[in-house]
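A closer look at the structure
So the chains spell out like this:
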Amino acid sequence: MISRWLYSTSHKDIGILYLGFALFSGLIGTSLSMFIRLELGMPGQGLLAGNGQLYNVIITGHGLLMTTLFGGFGNWLVPILVGAPDVAFPRLNNISFWLNPPSLALLLLSTLVEQGAGLGWTAYPPLSIQHSGASVDLAVLALHINGLSSILGSINLLVTVIGMRAVGMKANQIPLFAWAVIFTAILVILAFPVLAAALVMLLTDRNLNTSYFCESGDLVLYQHLFWFFGHPEVYILVLPAFGIVSHVVSFFSQKPVFGILGMICAMGAIAVLGFIVWAHHMFTVGLDLDTIAYFTSATMIIAVPTGMKIFSWLATIYAGRTWFTTPMWFAIGFLGLFTMGGVTGVVLANAGVDMLVHDTYYVVAHFHYVLSMGAVFGIFAGLYFWFGLMTGLSYFEGRGQVHFWTLFIGVNLTFFPMHMLGLAGMPRRYMDYADSFVGWNSIASYGAMISFISLLLLAGPIAFVPQGKSVTAPSTATTLEWLLPATPANHTFSQLPVLRTTNAILA
């Protein structure tokens, strides 16, 4: 049994390993975020007894853990969706997964060496260069290994879709989730080497007395290199959620996604524009006016393809016979929360506004609406939607919806008040604050507790059960129908274009 998982070259086994590993890492990262919110629940010395270094270590661990998860749904589903027997390089697929546990181990170990790596997830110099001890070197090595894993996995999935898809499957017939994985893989292959270069220079500055970023070097150079990776990283995390939501909305609206070609082009435009807007994270470093004007304009333009996708999903729901189940609720939650994050992103694209709220909790609220709420809701939609296909288990519909509503309420209570804190001027990355901020911080901390309870609902009382015994199971369900969430009685399974490939392969 152990050798099956250790040496497996099956894309399904490795996909399950990725999902299990992502769940484990995500729970650790979420637990760290609870320490942050408990510390910030009240001003003054709290849970961490005034230990600012420990607070910084927790911030660093939370940020890095939550931005290094990749591969589960792509590994499991992409070969099936494009009609391939497996990924192009099965042994490479095994290697790309098993690089992740050592990466996680090194990252966790870095928190235990001396005082831990208290850098923040961006690891800006000069702090990251002058930070004493081997903890920073361990964290950087963990990022290198994770980046190598992501690049190998991306090459594998890209070659699979391009070179191994079913005979006669044209580009416009590739399912939207596979397209999302294609663009994600391209972003990973182009962005991660830039981060690797920046980290190598950081390591040599720390250990070999070079001066890329310190002394006679340029501190802003590191920010350019980091954000040239860091902004596409946002779309690396959220593009797969775009593909998942497309499938979920199509299935439960009982019609194809409105404007599939437009959706593909929109994802491509987002991938391209994601590489040319990086310096909107750097409006306060002293850029000249022309550069600021360009990055403001380019950042606003990226809202156009994003808006196309939102309206396309809404048109699909509006024109369909919508069937509200747990995956559909998570997809609708994704639409609302991601739209909210996108609107605040347009606000921050304005350099004049950004200079006022830069490094305040307004920015924290913005990117958590996009990632912590947008991408995570997309992942949960996919988990409920495809869990039966992956494991042969189902879930109780009512309890699944309780999970959705508690998480939806919790995350909004957590992050919406942060907009108010940011506009009031509360800086991020501080473990203490003025008494005037206590009201919104208390609400945010209560919301974090509700969110954490909702995750326990997923792990426990949701009670995934063998298929055919769930309360959602129609009495006439066929074996094929139970490979995916059950369809309404008046609907023919084979009529769903987004699932024809899966239907043909599994039949």
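Residues numbered from 1 in each chain as written. Predicted model: local features only at pLDDT ≥ 70, side-chain atom pairs only at ≥ 80, totals over all residues. Heavy atoms only, no water.

We now examine the nonpolar core. Inside soluble globular proteins, nonpolar side chains tend to come together where they are buried. Within the largest apolar cluster, 141 residues are counted, with the highest numbers of intra-cluster contacts made by Leu77, Phe242, Trp313 and Phe334. Take this core: its biggest share by element is 19 residues, from helix 9 (residues 176-207). Among all residues touching Phe334, those that are not within four sequence positions of it are Val238, Ala241, Phe242, Val245, Trp313, Thr339, Gly374, Ala375, Phe377 and Gly378. (Core = buried A, V, L, I, M, F, W, Y, C linked by side-chain atoms within 4.5 Å. Buried < 20%, exposed > 50% of the residue type's maximum accessible area, 1.4 Å probe, protein only. Helix = DSSP H or I, 4+ residues; strand = E, 2+ residues; numbered from the N terminus. Contact = heavy atoms within 4.5 Å.)

Within the secondary structure, Thr360 sits in the loop between helix 15 (351-357) and helix 16 (361-391). Among the polar contacts listed, one links the side chain of Thr360 to the backbone oxygen of Val357, at a separation of 2.6 Å. Each residue touching Thr360, except ones within four places of it in the same chain, is listed here: Gly422, Met426, Pro427 and Arg428. (Polar contact = N/O pair within 3.5 Å; in protein donor to acceptor, adjacent residues only side chain to side chain.)

Both the distance between ring centres and the angle between the ring planes are used here to describe each pair of aromatic rings. Scanning the entire structure with this criterion turns up 42 aromatic pairs. Between Phe228 and Trp278, the aromatic rings sit 5.4 Å apart at their centres with planes inclined by 75°, giving edge-to-face as the arrangement. In this pair, Phe228 sits in helix 10 (residues 219-253) while Trp278 sits in the loop between helix 11 (260-273) and helix 12 (289-301), placing the two residues 50 residues apart along the sequence. With a relative accessible area of 26%, Phe228 lands in the partly exposed category. The structure contains a cluster of three or more aromatic residues connected by ring pairs, namely Phe324, Trp329, Phe330, Phe377, Phe380, Tyr384, Tyr395, Phe404, Trp405 and Phe408. The cationic tip of Arg4 hangs over the ring face of Trp5; the distance from NZ or CZ to the ring centre is 4.4 Å. A cation sits over an aromatic face here: Arg399 above Phe396, 5.1 Å from the ring centre. (Phe/Tyr/Trp six-rings, centres within 6.5 Å; stacked < 30°, edge-to-face > 60°. Lys NZ or Arg CZ within 6 Å of the ring centre and 35° of its normal.)

Per-chain confidence: the protein chain averages 87 in pLDDT, with 90% of residues scoring 70 or above. Counting interchain partners and residues more than four positions distant, the pLDDT-below-50 stretch residues 469-507 has 71 contacts. (pLDDT = per-residue confidence, 0-100.)

Bringing the packing of helix 14 (residues 326-349) against helix 16 into the picture now. How two helices pack is summed up by the angle between their axes together with the distance between the axes. Across the interface, helix 14 lies against helix 16 with an axial gap of 8 Å and an inter-helix angle of 160°. With respect to each other, helix 14 and helix 16 are oriented roughly antiparallel. Read as a crossing pair, helix 14 and helix 16 show a hand that is left-handed. Split into classes, the residues belonging to the contact of helix 14 with helix 16 amount to 20 nonpolar, 9 polar and no charged. (Axes fitted to C-alpha atoms, helices over the stretch in contact; angles between N-to-C directions. Parallel < 35°, antiparallel > 145°, perpendicular 65-115°, else oblique. Left-handed = near helix turned anticlockwise from the far one by under 90°. Nonpolar A, V, L, I, M, F, W, Y, C, P; charged D, E, K, R; others polar.)

Moving on to helix 5 (residues 90-98). Those residues of helix 5 not exposed but buried are Asn93, Asn94, Ser96 and Phe97. All buried residues of helix 5 project into a common sector of 165° when viewed along the axis, lining one side. Where helix 5 is buried, its residues contact helix 1 (2-7), helix 2 (11-40), helix 4 (72-82), helix 6 (100-110) and helix 8 (135-164). (Arc of directions from axis to C-beta.)

Moving on to the side chain of Ser442. Mapped onto the fold, Ser442 is located in helix 18 (residues 438-459). Classification of Ser442 as buried rests on a relative accessible area of 17%. In this structure the side chain of Ser442 is engaged in a polar contact, spanning 2.9 Å, whose partner is the backbone oxygen of Val438. Setting aside chain neighbours within four positions, we find Ser442 in contact with Gly41 and Met42.

With respect to the helices and strands, Leu176 occurs in helix 9. Residues Leu176 and Val245, spaced 69 residues apart in sequence, show a C-alpha to C-alpha distance of 9.4 Å. Discounting residues that sit within four places of it in the chain, Leu176 has contacts with Gly243, Ser246, His247, Val257, Ile260, Met263, Ile264 and Met267.

What follows covers a nonpolar patch on the surface. Together, Trp405, Ile409, Leu413, Trp440, Ile443 and Ile450 give the surface a local cluster of nonpolar side chains, amounting to about 490 Å² of exposed area. Elements with a minimum of two residues in the nonpolar patch: helix 17 (397-424) and helix 18. When you line up the elements, Leu413 lands in helix 17. (Patch = residues over 30% accessible without salt bridge, like charges linked within 9 Å, V, L, I, M, F, W, Y side chains within 5 Å. Areas by Shrake-Rupley, 256 points an atom, 1.4 Å probe, with all protein chains shown as cover. Salt bridge = Lys/Arg side-chain N within 4 Å of Asp/Glu carboxyl O.)

Now for the pattern of salt bridges. Summed over the entire model, instances satisfying the criterion amount to 4 salt bridges. Two residues, Asp13 and Arg4, come together in a salt bridge whose shortest N-O distance is 2.7 Å. Take Arg4: its relative accessible area is 40%, and that puts it in the partly exposed class. A salt bridge links Arg429 to Asp359; its shortest N-O distance comes to 3.3 Å. Taken together, the residues span a long stretch of sequence, with Arg429 in the loop between helix 17 and helix 18 and Asp359 in the loop between helix 15 and helix 16 at a distance of 70 residues. Given a relative accessible area of 35%, Arg429 falls into the partly exposed group.

Quick look at unusual backbone geometry now. Glycine aside, residues mostly have negative phi, and peptide bonds are mostly found in the trans state. Here the bond from Pro125 into Pro126 is cis, since omega is 10°, no more than 30 degrees from zero. Here Pro126 is to be found in the loop between helix 6 and helix 7 (127-130). You will see that Asn209, though not glycine, has its phi angle at about 60°, which is positive. Its place among the elements puts Asn209 in the loop between helix 9 and helix 10. Asn209 gets classed as exposed once you look at its relative accessible area, which sits at 71%. Even without glycine at this site, Asp359 takes up a positive phi of about 60°.

Along the chain, Pro85 falls in the loop between helix 4 and helix 5. Discounting chain neighbours no more than four positions away, the residues touching Pro85 are His11 and Met164.

All right, on to helix 6 then. Along helix 6, the residues classified as buried are Asn100, Ser103, Leu104, Leu106, Leu107 and Ser110. One side of helix 6 carries all its buried residues, which in axial view fall inside an arc of 160°. Each element contacted by the buried residues of helix 6 is listed here: helix 2, helix 3 (52-66), helix 5 and helix 8.

The contact between helix 16 and helix 17 brings their axes to 8 Å, and the two run at 165°. By the angle between their directions, the pair helix 16 and helix 17 is classed as roughly antiparallel. Judged by the twist between their axes, the crossing of helix 16 over helix 17 is left-handed. Its residues placed into classes, the contact of helix 16 with helix 17 shows 18 nonpolar, 8 polar and no charged.

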